[in-house]
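Observations on the model geometry
Listed below, chain by chain, are the residues.
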Amino acid sequence: MSGALSEPDPATRADIGEALQEYFDGLYHGDTARLARVFHPGAVYATATDRALTRLTMDEYFPMVAARPAPASRGEPRRDGVVSVWLAGPVTASAVVTCAIGPKRFTDLLALVRLDGRWRIISKVFHYELVPEESTTCPT
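Residues numbered from 1 in each chain as written. Predicted model: local features only at pLDDT ≥ 70, side-chain atom pairs only at ≥ 80, totals over all residues. Heavy atoms only, no water.

Thoughts on the layout of surface pockets
- In this structure, the largest pocket spans a volume of roughly 220 Å³.
- Taken together, 16 residues make up the lining of the largest pocket; nearest its centre are Tyr45, Arg68, Lys104, Phe106 and Phe126.
- Looking at side-chain class alone, the lining of the largest pocket contains nine nonpolar, two polar and five charged residues.
- A volume near 150 Å³ is recorded for the second largest pocket.
- Asp15, Glu18, Ala19, Glu22, Arg37, Val38, Arg114, Gly117, Arg118 and Trp119 together form the lining of the second largest pocket.
- Of all elements in the fold, only α1 (10-29), α2 (32-38) and β6 (118-130) reach the threshold of two or more residues within the lining of the second largest pocket.
- Of all the elements, α1 adds the most residues to the lining of the second largest pocket, at four residues.
- Considered class by class, the residues forming the lining of the second largest pocket number three nonpolar, one polar and six charged. (1 Å grid on protein atoms, 1.4 Å probe; cavity = no way out; pocket = protein on both sides within 12 Å on 5 of 7 lines; lining within 4 Å. Points joined across faces, edges and corners; volume = space filled by probe spheres on them. Nonpolar A, V, L, I, M, F, W, Y, C, P; charged D, E, K, R; others polar. Helix = DSSP H or I, 4+ residues; strand = E, 2+ residues; numbered from the N terminus.)

Dropping the structure here:
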């Protein structure tokens, strides 16, 4: 690799896709055990959407997920998808993904690292927008 971002080969893309699916499933079902499998324990969760920095550790983030009603429990349709995946090197990747929970439509910038033979999220930086409930169906 020359230092530039590159598209992953099909096998690497599939491996990263498995990690991203675990992430989506964990969010949709409010399953912190799934999320703990895909997030590195030292991962960071961050946003400045509300004009102030929110930065959490996984020990702070997972209880928030566990405390809120999961989209699956409310009968919400799945609204998640992968926009792009890029490699910065053989063990470093970035993914742009979208998902929605209730009236919030999220764009997540995920940094992933490959450790011990699997891809894990090391940072989640995101933005969200509020959209009316009847408009939250995503075409993806």
